[in-house]
Amino acid sequence: MALAGTSTACLRRLNPLLFSAARRRPAWAPRRAPRRFCAAVAAEKDVFTSPEVSKSFDFANEERIYKWWESQGFFEPKLDHGGDPFVIPMPPPNVTGSLHMGHAMFVTLEDIMVRYFRMKGRPTLWIPGTDHAGIATQLVVEKMLAVEGIKRTDLTREEFTKKVWEWKEKYGGTITNQIRRLGASCDWSRERFTLDEQLSRAVVEAFVRLHDKGLIYQGSYLVNWSPNLQTAVSDLEVEYSEEPGNLYFIKYRVAGGTRDDFMTIATTRPETLFGDVAIAVNPEDERYTKYVGRLAIVPLTCGRHVPIIADRYVDPEFGTGVLKISPGHDHNDYHIARKLGLPILNVMNKDGTLNDVAGIYSGMDRFEARDKLWADLVETNLAVKKEPYTLRVPRSQRGGEIYNHWLTNIKDWCISRQLWWGHRIPVWYIVGKKCEEDYIVARTEGEALAKAQEKYGKSVEIYQDPDVLDTWFSSALWPFSTLGWPDVSRDDYKHFYPSTVLETGHDILFFWVARMVMMGIEFTGSVPFSYVYLHGLIRDSEGRKMSKTLGNVIDPLDTIKEYGTDALRFTLSLGTAGQDLNLSTERLTSNKAFTNKLWNAGKFLLQNMPDRSDATAWDVLLGNKFDTEASLAKLPLPECWVVTRLHELIDEVSTSYDKFFFGDAAREIYDFFWGDFADWYIEASKTRLYHSADSSASSTAQSVLLYVFENVLKLLHPFMPFVTEELWQAFPYREQALMVTPWPTTGLPKDLRSIKRFQNLQSLIRGIRNVRAEYTVEPAKRISASIVATADVLDYISKEKQVLALLSKLDVQNVNFMESAPDDANQSVHIVADEGLEAYLPLADMVDVSEEVKRLSKRLSKMQSEYDALVARLNSQNFVEKAPEEIVRGVREKASETEEKISLTKTRLAFLESTVSS
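Quick notes on the rules
Residues numbered from 1 in each chain as written. Predicted model: local features only at pLDDT ≥ 70, side-chain atom pairs only at ≥ 80, totals over all residues. Heavy atoms only, no water. UniProt positions renumbered as here; feature names shortened; annotations may be inferred. Patch = residues over 30% accessible without salt bridge, like charges linked within 9 Å, V, L, I, M, F, W, Y side chains within 5 Å. Areas by Shrake-Rupley, 256 points an atom, 1.4 Å probe, with all protein chains shown as cover. Salt bridge = Lys/Arg side-chain N within 4 Å of Asp/Glu carboxyl O. Lys, Arg positive; Asp, Glu negative; His and termini not counted. Charge placed at Lys NZ, Arg CZ, Asp CG, Glu CD. Helix = DSSP H or I, 4+ residues; strand = E, 2+ residues; numbered from the N terminus. Domains from an automatic or database assignment. Core = buried A, V, L, I, M, F, W, Y, C linked by side-chain atoms within 4.5 Å. Buried < 20%, exposed > 50% of the residue type's maximum accessible area, 1.4 Å probe, protein only. Contact = heavy atoms within 4.5 Å. Pairing = 2+ DSSP bridges. Axes fitted to C-alpha atoms, helices over the stretch in contact; angles between N-to-C directions. 1 Å grid on protein atoms, 1.4 Å probe; cavity = no way out; pocket = protein on both sides within 12 Å on 5 of 7 lines; lining within 4 Å. Points joined across faces, edges and corners; volume = space filled by probe spheres on them. Phe/Tyr/Trp six-rings, centres within 6.5 Å; stacked < 30°, edge-to-face > 60°. Polar contact = N/O pair within 3.5 Å; in protein donor to acceptor, adjacent residues only side chain to side chain. Parallel < 35°, antiparallel > 145°, perpendicular 65-115°, else oblique. Left-handed = near helix turned anticlockwise from the far one by under 90°. Nonpolar A, V, L, I, M, F, W, Y, C, P; charged D, E, K, R; others polar. Expected span 1.5 Å × (residues − 1). pLDDT = per-residue confidence, 0-100.

In the annotation of an unreviewed UniProt entry, the chain is listed under the name valine--tRNA ligase and assigned to Eragrostis curvula. Check the Sequence similarities (unreviewed entry) section of the UniProt entry for the chain; it says "Belongs to the class-I aminoacyl-tRNA synthetase family."

## Focus on a negative patch on the surface
Residues Glu893, Glu897, Glu899 and Glu900 make up a contiguous surface patch of negative charge. Position of Glu893 among the secondary structure elements: in helix H30 (residues 885–917).

## A short note on the domain arrangement of the chain
Domain annotation of the chain identifies domain 1 (235–396), domain 2 (427–463), domain 3 (566–750), domain 4 (755–847) and domain 5 (850–916). The straight-line distance from the C-alpha centre of domain 1 to that of domain 3 is 71 Å.

## Notes on the nonpolar core
In terms of nonpolar packing, the biggest core is built from 157 residues, with Tyr657, Phe677 and Phe719 touching the most fellow members. In contact with Phe719, not counting residues within four places along its chain, are Ile112, Asp566, Arg569, Phe570, Ser573, Tyr657, Phe662, Ala665, Ala666 and Ile669. Core analysis: the next-biggest nonpolar cluster, separate from the first, contains 45 residues, Val87, Ala206, Leu477 and Tyr493 among them.

## Brief notes about the sheet that holds strand S20 (residues 427–430)
Read from one edge to the other, the open sheet built from three strands follows the order S21-S20-S22, with strand pairing classed as antiparallel. At either margin of the open sheet sits one strand with a lone partner, and together these are strand S21 (439–441) and strand S22 (462–464). Ignoring which end each strand starts from, the neighbouring axes of this sheet average 30° apart. The pairing of S20 with S21 spans three bridges and is antiparallel. When the bridges of S21 are listed, Val427 appears paired with Val441.

## Remarks on empty space enclosed by the protein
Applying the stated rule across the entire model yields three cavities of 30 Å³ or more. Put simply, the largest cavity is a space of about 100 Å³. Contributing to the lining of the largest cavity are 15 residues, with Leu109, Tyr533, Gly575, Thr576 and Ala577 lying nearest its centre. Where the lining of the largest cavity is concerned, the elements lending two or more residues are helix H3 (101–119), strand S25 (529–535), helix H16 (565–573) and helix H21 (662–690).

## With respect to the UniProt feature "domain: Valyl-tRNA synthetase tRNA-binding arm" (unreviewed entry) in the chain
As recorded in UniProt, the sites labelled "domain: Valyl-tRNA synthetase tRNA-binding arm" (unreviewed entry) are residues 848–912. Counted over residues 848–912, helix gives 92% and strand 0%. Its end C-alpha atoms are 10 Å apart.

## Quick notes on the pattern of salt bridges
As enumerated under the stated definition, the model contains 41 salt bridges in all. Across the pair Asp276 and Lys324 runs a salt bridge, and its minimum N-O distance is 2.9 Å. Taken together, the residues span a long stretch of sequence, with Asp276 in the loop between strand S12 (262–267) and strand S13 (278–281) and Lys324 in strand S16 (residues 322–325) at a distance of 48 residues. One salt bridge connects Lys494 with Asp491, and the closest N-O pair in it is separated by 3.9 Å. Of the two residues, Lys494 and Asp491 both sit in helix H13 (residues 491–496), three residues apart, roughly one turn of that helix. Using a relative accessible area of 52% as the deciding quantity, one classes Lys494 as exposed.

## Examining the packing of aromatic side chains
In the structure shown here, the tally under the stated rule is 46 aromatic pairs. For the pair Trp165 and Trp421, a centre-to-centre distance of 5.2 Å together with 75° between the ring planes defines the contact as edge-to-face. A residue pair is termed long-range when its members are at least 10 positions apart, and Trp165 in helix H5 (residues 157–171) and Trp421 in the loop between strand S19 (416–417) and S20 qualify at 256 residues. Among the residues examined, Trp165 registers a relative accessible area of 33% and is labelled partly exposed. The buried category is assigned to Trp421, whose relative accessible area is 1%.

## Focus on unusual backbone geometry
In this structure, the amide linkage connecting Trp485 to the following residue, Pro486, adopts the cis form with an omega of 20°. Topologically, Pro486 is positioned in the loop between helix H12 (478–481) and H13. Cis geometry marks the peptide bond from Tyr497 to Pro498; its omega dihedral reads 0°. Mapped onto the fold, Pro498 is located in the loop between H13 and strand S24 (499–505).

## As for the environment of Arg287
With respect to the element layout, Arg287 can be found in the loop between S13 and strand S14 (295–297). Through-space distance from the C-alpha of Arg287 to that of Asp824 is 101 Å; in sequence the pair is 537 residues apart. Setting aside residues up to four positions removed in sequence, Arg287 forms contacts with Pro316, Thr320 and Gly321. Among the polar contacts made by the side chain of Arg287, one reaches the side chain of Asp285 at a distance of 2.8 Å. A polar contact of 3.2 Å, which involves the side chain of Arg287, links it to the backbone oxygen of Pro316.

## Topic: the packing of helix H17 (residues 585–607) against H21
Contact pair H17 / H21: the axes reach a minimum separation of 12 Å and the direction vectors enclose 25°. As judged from the angle between their axes, H17 and H21 are roughly parallel. Considering only the axes of H17 and H21, their crossing is left-handed. From H17, Ser590, Asn591, Ala593, Phe594, Lys597, Leu598, Ala601, Phe604 and Leu605 reach across to H21, where they touch Tyr670, Phe673, Trp674, Phe677, Ala678, Asp679, Ile682, Ser685, Lys686, Leu689 and Tyr690.

## Describing the side chain of Ser685
With respect to the helices, strands and loops of the structure, Ser685 is situated in helix H21. When residues no more than four places from it in sequence are discounted, the contact partners of Ser685 are Phe604, Ala701 and Leu705.

## Concerning the packing of H21 against helix H26 (residues 801–808)
When two helices pack together, their arrangement is captured by the angle between the axes and the distance separating the axes. For the pair H21 and H26, interaxial distance at closest approach is 9 Å and the crossing angle is 120°. Taken together, H21 and H26 sit at an angle that is classed as oblique. In the crossing of H21 with H26, the sense of the turn from one axis to the other is right-handed. For the pair H21 and H26, contact is made by Trp680, Glu683, Ala684, Lys686, Thr687 and Arg688 and by Gln802, Val803, Leu806 and Leu807, respectively. Broken down by class, the residue content of the contact of H21 with H26 amounts to five nonpolar, two polar and three charged.

## Structural notes on a positive patch on the surface
On the surface, a cluster of positive charge is contributed by Arg766, Arg769, Arg782 and Lys809. Take Lys809: its relative accessible area is 32%, and that puts it in the partly exposed class.

## As for helix H4 (residues 134–147)
Its 14 residues give H4 an end-to-end C-alpha distance of 20 Å, which sits within 8% of 20 Å, the value for a rise of 1.5 Å per residue. Where H4 is concerned, the buried positions are Gly134, Ile135, Ala136, Thr137, Gln138, Val141 and Leu145. Trailing H4 by a residue or two, Gly149 shows a phi angle of about 80°, which is positive.

## Observations concerning the confidence of the model for the chain
In the predicted model, the chain carries a mean pLDDT of 87, and 90% of its residues have values of at least 70. Helix H20 (residues 637–658) holds the highest mean pLDDT among the elements of the chain, 98, whereas strand S2 (residues 13–14) holds the lowest, 30. Counted against residues more than four places away or in other chains, residues 396–401, with its pLDDT under 50, gives 27 contacts. This stretch, residues 403–408, has a pLDDT under 50; its non-local contacts, to residues over four places away or in other chains, come to 21 contacts.

## Quick notes on the environment of Val723
Secondary-structure assignment places Val723 in helix H23 (residues 721–730). Each C-alpha atom of the pair Val723 and Glu62 lies 8.2 Å from the other, and the pair is 661 residues apart in sequence. Among residues more than four places away in sequence, those in contact with Val723 are Phe57, Asp566, Thr595, Leu598 and Trp599.

Following this line, the structure appears as structure tokens:
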């Protein structure tokens, strides 16, 4: 059975990552429900653990959190919310599958999308399911039976398929349970299997409709045959490999000619000559025009004659310019034969041996026959030469044999497979009649029998075609068969079709995506999704493809045990969209540390918040949203700065999410949380929480800490759902779970002046820290400082004296602000933090100057000796000429570095000596 080719021109816009249909969905903004206070429901059920009682996030809690989400119905779409649904059909993994990093990649990316749009308020549906994987599953069960000494052919079809269903019930849930472990928030109540009754009905309906329109037909067709698997293989289900082989040059004598009248052909598969039906040359090739219209004798066939024809398809520059036409074994030859009405000869049995057409070579394996045939050609003087040749051999991904590419031009698709596991082709034949003479296509056996009886009488007997459909046929219906098609009145079909995004790997763009588009347009009148997101491959740290042979495969479940699901998901999301990602333990370790950083930040906040029982205080904290310019303007500089940066972040991250730039979104959140919030604002807030007698300052800091942290958890939740939900639930008075909490509002007010002002404060602090490190000042030692600036800068810097002192480790009692340099400037280290902002740090506060002079003098002497030795080596002609180039280069670089250090040390030493003399 074959499916006639169909155009996919309706796929309209293309950028490097996304296909998009022309239609646009209307924007929708969630309504904010009135706030109410209640203890988190989950906490009462002992689902969550607080940072107050746990040193770090326990990865063992992830499964408990997941089960709670599912039990609350959070994964199901909420149509009562209104708005345009966001729908993703999960690419169904094979039911035989076990979780690998490719699965982890697609689950992570799709779950990021789903969680984001769910929080945006759209009814969200992610449809999970598995594919029956005809060839793969049948192979697994056959191997299992072989262990018991049973062959498939020892069983009836019904007995074998019963065994497969038993295997599926026992092991088929492995992959879906593992997908759950990754945090996939898909609607498991709608889980589908391609052999489910509903999906099987859709397959039959699709077949019947296509056949009725003349788009499915039965006929002879050149297919890719796998001798190992004993079935036809999809044109795309193969891979090319370059392998050493030979090019054989063979004489074909011209019938009725002299001994010198022959044509030489070159072939990589001489055993196929038994299937030759013609010899072709280019009509403009003058070497052979005299032979066109005559007959050639096929070697070793007892004198079988074939016509010599002219066809422009033949390239006179390739090989000898003579082409043997073997339409039973070459796609191009097959199309030439059909065009010219030539017969088709097949010389191969299904097991890869030669059949009776090969005469005395019948029954021989194709490779054995090749060697024997060449020896006989040599003996009969019909062999010209044999030379080494690199072959691009197409190998079945499953069995390891035959292939030719599909979509150079769309060709008819062979949809029948010679298997027992799969969707049986809904075709019945009449007992006593040849299959090609008459057949009946029907939705059920009863319908087929009724049609047969109407035509042949009540006594007619029928039997069903033994073949099954290519697995990709049912997969092509996946976006709408999972929603109830062909029953278009079903609510799911009406609400959720077409879907929004199809996320998949680029390697099955034509395998699956093009066919879904083709089927979607044919049966529903719509492209089945608006966007196609293509992810890259996961490679090892050196950029190599993961394989068992290289021993570089990283198991996702082992990774989760060691680093946690959140760290794995965050790592996988950081790649550039559409490109391959190099995965390393260093990256995983870094993002595990990020998880710990989040946890510790949550612990800090909880330890510095009002008592849980103080509902009034919590009411005030939770009520501060800083969503107006007036509320922002009232904040002190650090608070105003961090809230402004948060509001910028919300806009940036939301834009990245909307554009599917998840790597950008992840980096933006990471940088803000670790750099701005944890390293700067949390540290600055300690001056309000621990060193201030002003209760309002403390309350403001608490509100800002909570406001920023809550929003960071929201922004980060799609990437790291477990630790963010755990932290969210640790705070009292939660209205709902984090995963269904509304997304932060965009376009909130920003005070850009606070950004510049706080940057000045940061530059000043960094400058002081650098000097302390340069002079090896003891960490606990507090030093004095004079801050020199213009009046307007001093106004806002001096207000943050406590922050400056705490973060720079200054003696707060000896921090002075002035508009001109201090009297002891010549005995101080001078720092220029920014234009109009400087600092002077008295040397005497930091070091014992005389001891420091001695230390640096000794260090300078040692460095000078090292430098002189390096220069001496470089001045040695013997060393430069005879030593390896990389060694010489290394010595030059070391000499340059040492020279620079000497210069810096001399400058510092001169400065210290000048302060002593003054």
